[in-house]
Amino acid sequence: DSKLQLYYHPLSAPCRFVHILLLDGNVPFEKIDVDLFSGQQKSEEYLKINPNGTLPSLVDGDLALWESHAIGKYLVDKVSTTPYLPFCLILLVVPSIPDHWYPRNDRAKRALVDQWLDWHNNTYRPPHQLIIRPPIFNEKHHPDEQVHAYVVDGGRKKIDQVLDLVERHLTKTGNRFLVGSEVTLADIGLHLQVLMLTFIVDKKEVVQAEKRPHFAAWYESVPKSVPHWEEINATFYAAREDKKKGK
């Protein structure tokens, strides 16, 4: 098989979502950097791969796939655990994405992961974008500053409501993660987006541990449960520190 190609930017949360799976599964791939801030994702060449002009994109032979959640599901199904080899050999030699990310043989659990991924795109992400895009991409929702501020404030209030929903879910289920006792695609998808908010808002303000203790525990648990987390997020952490220092 030809090597997978991942079109990527290290500050993009959806790109890091896919990167986690590739590294965790020891999957050979070529990482192709796309400069978001110069608009390279809107180039004629890149639009042939992804007509949306967004990241990430994955190319696997004749298949060009976009949308991080779709890519993640595809990778889990493509790079499955090989049951006929000793576990140590699988770890060292054979690319294999662990089953817990998107369980292959548990229809109900897989449906719940799908539920949270869809919720993430349809309910969490729209207000998230209202908050995150203006300071990062120097955008305005409206030329009138008061209107712009009103839209951003609405996004913040909505984010507060949806994270309260996550708190209620974790309280009700008693689960460590969104779908049971093991980390899944649903957890890294949401966590990486919430982490992005800490680029512009203090972590304590985002998490609100006194108000959302179960969410706060989840927020701390996910990075500890994901191999290569620090490595994959290193560029983001460095950029966040530079911003705090006013660089």
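Before any of the text, the structure's been laid out above.
Owing to the predicted nature of the structure, the values given are computational and were not obtained by experimental measurement.

(A) Fine view of unusual backbone geometry. The linkage connecting Leu55 with the following residue, Pro56, adopts the cis geometry, with an omega of 0°. Along the chain, the position of Pro56 falls in the loop between helix H2 (44–47) and strand E3 (57–60). Although it is not a glycine, His228 sits at a positive phi angle of roughly 70°. In this fold, His228 is placed in the loop between helix H9 (213–224) and helix H10 (229–244).

(B) Representation of the pairing of strand E1 (residues 4–8). Burial within E1 is extensive, with 4 of its 5 residues counted as buried. One ladder, built from 5 bridges, connects E1 with strand E2 (residues 29–33); its direction is parallel. Paired with Tyr7 across the bridge in E2 is Ile32. Following the chain from E1 across helix H1 (residues 13–24) to the adjacent parallel E2, one finds a crossover that is right-handed. As judged from the 3 bridges shared by E1 and E3, these two strands associate in the antiparallel manner. Across the sheet, the residue bridging to Gln5 is Val59, located in E3.

(C) Just helix H7 (residues 185–197), in detail. With 13 residues, H7 ought to run about 18 Å at 1.5 Å a step, and its terminal C-alpha atoms sit 19 Å apart, in line with that. For H7, the tally of buried residues reaches 13 of 13 residues, placing the bulk of the element in the interior.

(D) Region of the structure containing the pattern of salt bridges. Enumeration according to the criterion identifies 14 salt bridges in this entry. Note that Lys244 and Glu241 form a salt bridge whose closest N and O atoms lie 3.6 Å from each other. Here Lys244 pairs with Glu241, and both are found in helix H10, just 3 residues apart, close to one helical turn. The exposure class assigned to Lys244 is exposed, which follows from its relative accessible area of 58%. Because the salt bridges share partners, they merge into one network encompassing Asp160, Asp164, Lys211 and Arg212.

(E) How the structure looks around the packing of H1 against H7. Between H1 and H7, whose axes approach to 9 Å, the crossing angle comes to 140°. The orientation of H1 with respect to H7, classified from their angle, is oblique. At the point where H1 passes H7, the crossing takes the right-handed sense. Contacts from Ala13, Pro14, Arg16, Phe17, Ile20 and Leu21 in H1 reach Leu185, Ile188, Gly189, Leu192, Gln193, Leu195 and Met196 in H7.

(F) Structural view of the environment of Asp106. Relative to the assigned elements, Asp106 resides in the loop between helix H4 (87–92) and helix H5 (107–137). Asp106 sits 38 residues away from Asp144 along the chain, and the two C-alpha atoms are 51 Å apart. Reaching out from Asp106, the side chain makes a polar contact with the backbone nitrogen of Lys109 at a distance of 3.0 Å.

Conventions used here
Residues numbered from 1 in each chain as written. Predicted model: local features only at pLDDT ≥ 70, side-chain atom pairs only at ≥ 80, totals over all residues. Heavy atoms only, no water. Helix = DSSP H or I, 4+ residues; strand = E, 2+ residues; numbered from the N terminus. Buried < 20%, exposed > 50% of the residue type's maximum accessible area, 1.4 Å probe, protein only. Pairing = 2+ DSSP bridges. Right-handed = clockwise from strand over helix to strand, strands pointing away. Expected span 1.5 Å × (residues − 1). Salt bridge = Lys/Arg side-chain N within 4 Å of Asp/Glu carboxyl O. Axes fitted to C-alpha atoms, helices over the stretch in contact; angles between N-to-C directions. Parallel < 35°, antiparallel > 145°, perpendicular 65-115°, else oblique. Left-handed = near helix turned anticlockwise from the far one by under 90°. Contact = heavy atoms within 4.5 Å. Polar contact = N/O pair within 3.5 Å; in protein donor to acceptor, adjacent residues only side chain to side chain.

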